[in-house]
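Architecture and fold: a report
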Amino acid sequence: EVDVMVLDVDLEKRRISLGIKQTQENPWAAYIDSKKVGEELEGEVRNITEFGLFVALNDEIDGMVHISDISWEDQSDDVLKAYKIGDVVKTKILEMDADKERVALGIKQLTEDPFKGAMEGVSKGAVVTCTVTEIETSGVKVSVNDNLNGYIKKADLSSERSEQRPDRLAVGEQVDAKIVKIDAKTRELTLSIKAYEQEQNKKAMEEFGSTESG
């Protein structure tokens, strides 16, 4: 014999819908009542899917670490390659919902966002000193404040058309450039040496009446 609960009665079809789990304690509700958002946990990876990691909360239920909450720096599928079933990982509770039987976990939330720290004092329109990290035919990749990745397109390398050549710069060389775009999602900056030079020329004209006098 088992205890059941009447869920629905359909007189026309002469059907009664019954439920067994409704007579039992909801394991999700019991677990969630014992925890709080922000609490840190340690559990075994039970499954890995394209969406993220399923981590054991107890013998009955798993929480999920979405792929976007694994690493601050790497938002690609490659981040999953660092994990395998059976690994024990540390996580932080981000959200809980007993009705949806969901406990959202995060791994990257255990550490400070390096992008946030590196962005202090950095804003659109600001002039920064950046270091060239890679030369490409379409432009150059640069690093700002060590933790920020940026790109300067070929056409933005100089006000002079003859100087708009990526190969005139070298890896490790430092250049001043103006931030023209900040992409919070990709965590990348778009910069322009050309815009910086034009700004300097404009200031020189206002102060001295000539770009050469300054």
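Anyway, here's the lowdown on the structure attached to this text. (Residues numbered from 1 in each chain as written. Predicted model: local features only at pLDDT ≥ 70, side-chain atom pairs only at ≥ 80, totals over all residues. Heavy atoms only, no water.)

So, on to the sheet that holds strand β3 (residues 40-49). On the basis of which strands lie adjacent, the closed barrel formed by five strands has the order β3-β4-β5-β7-β6 and mixed pairing. Taking each pair of neighbouring strands and ignoring which way they run, the sheet shows an average axis angle of 50°. Taken together, the five bridges between strand β4 (residues 52-56) and strand β5 (residues 62-66) define a ladder with antiparallel strand orientation. Residue Val55 lies in a different strand from β5, and its bridge partner there is Gly63. (Pairing = 2+ DSSP bridges. Helix = DSSP H or I, 4+ residues; strand = E, 2+ residues; numbered from the N terminus. Axes fitted to C-alpha atoms, helices over the stretch in contact; angles between N-to-C directions.)

This part takes up the side chain of Lys108. Among the structural elements, Lys108 can be located in the loop between β7 (102-106) and α2 (114-118). Notably, Lys108 is buried but unbridged: the nearest opposite-charge side chain belongs to Asp69, and the N-O separation is 4.2 Å. When near neighbours in sequence (up to four residues on either side) are disregarded, Lys108 contacts Ser68, Asp69, Ile70, Ser71, Trp72 and Gln75. (Buried < 20%, exposed > 50% of the residue type's maximum accessible area, 1.4 Å probe, protein only. Lys, Arg positive; Asp, Glu negative; His and termini not counted. Salt bridge = Lys/Arg side-chain N within 4 Å of Asp/Glu carboxyl O. Contact = heavy atoms within 4.5 Å.)

To continue, consider the pairing of β5. Because side chains alternate across β5, one face comprises the buried residues Gly63 and Val65, and the other comprises Asp62, Met64 and His66, none of which is buried. Connecting β4 to the next strand, β5, in antiparallel fashion are five residues. Here β5 runs beside β7; their pairing, made up of two bridges, is parallel. Note on β7: the bridge partner recorded for Val65 is Leu105.

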